[in-house]
Amino acid sequence: YKRPYPSFNTRDIDTVDDGVEHDLEQVLQRGDVSVLHLLGVDHVGHTYGPSSPVMSRKLHQMDEVVLKVLRRRERESEDDSLCRVIFVLGDHGMTNDGNHGGGTYEEVSAGLYVYSTEPCEYPINLSPDVE
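Residues numbered from 1 in each chain as written. Predicted model: local features only at pLDDT ≥ 70, side-chain atom pairs only at ≥ 80, totals over all residues. Heavy atoms only, no water.

Student: Can you help me understand the environment of M62 in this one?
Tutor: Checked against the element boundaries, M62 lands in helix 4 (residues 53-80). M62 sits ten residues away from R72 along the chain, and the two C-alpha atoms are 15 Å apart. Beyond its immediate stretch of four places on either side in the chain, M62 contacts D17, L38 and V41. (Helix = DSSP H or I, 4+ residues; strand = E, 2+ residues; numbered from the N terminus. Contact = heavy atoms within 4.5 Å.)

Student: Help me understand the state of the cysteines in this model?
Tutor: By definition, a disulfide is the covalent link that joins the sulfur atoms of two cysteine residues. Taken as a whole, this structure holds one disulfide when the rule is applied. At a sulfur-sulfur separation of 1.6 Å, the disulfide partner of C83 is C120. Here C83, found in the loop between helix 4 and strand 1 (85-89), pairs with C120, found in the segment after strand 2 (112-116); they are 37 residues apart in sequence, far enough to count as distant. Taking relative accessible area as the criterion, C83 reaches 12% and is therefore assigned buried. The partly exposed category is assigned to C120, whose relative accessible area is 34%. (Disulfide = S-S within 2.5 Å. Buried < 20%, exposed > 50% of the residue type's maximum accessible area, 1.4 Å probe, protein only.)

Student: It is not clear to me how the packing of aromatic side chains should be interpreted in this structure. Could you clarify?
Tutor: One pair of aromatic rings is described through two measures. These are the centre distance and the angle between the planes. Per the counting criterion, the structure on display carries one aromatic pair. Their ring planes at 15 degrees and their centres at 6.5 Å tell us that Y113 and Y115 sit as a pair that is stacked. According to the relative accessible area criterion, Y115 is partly exposed, its value standing at 23%. (Phe/Tyr/Trp six-rings, centres within 6.5 Å; stacked < 30°, edge-to-face > 60°.)

Student: What's the story with the packing of helix 1 (residues 15-22) against helix 4 in this structure? I'm lost.
Tutor: A pair of packed helices can be characterised by two numbers: the angle between their axes and the separation between those axes. Running from N to C, helix 1 and helix 4 point in directions that differ by 20 degrees, and their axes come no closer than 11 Å. Classed by the angle they form, the pair helix 1 and helix 4 counts as roughly parallel. The chirality of how helix 1 crosses helix 4 is left-handed. Of the residues in helix 4, those in contact with D17, D18 and E21 of helix 1 are K58, Q61, M62, V65 and K68. Classifying every residue of the contact of helix 1 with helix 4 gives two nonpolar, one polar and five charged. (Axes fitted to C-alpha atoms, helices over the stretch in contact; angles between N-to-C directions. Parallel < 35°, antiparallel > 145°, perpendicular 65-115°, else oblique. Left-handed = near helix turned anticlockwise from the far one by under 90°. Nonpolar A, V, L, I, M, F, W, Y, C, P; charged D, E, K, R; others polar.)

Any functional reading would require information beyond the geometric quantities listed.
Next up, the structure:
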């Protein structure tokens, strides 16, 4: 499932995120791997700065989207007892004035949250095969 939204207007902080949220159930039904690329937080940072009240509103919306995904995957896991792993991450950080692309700590630091619906017990070989 792929639906392009206009995404390069940094003053438009809602179109992409609202579209992804609108299509969320369809996206999550389609397969084992779902990628949701939400842009509003980045756009708010560029337009208003990362500490603006607008950022609080946008982060609340992101919390709601993540919660919907977690709840959906939890229900699925209860039905089939399979482990679901959810990764939530940022692709970059941001300076206090809303910029990124440089090499400062603020710009290269990004959050990562990993959630598992239940313990995943897949065999993983962490040592290289040596013959």
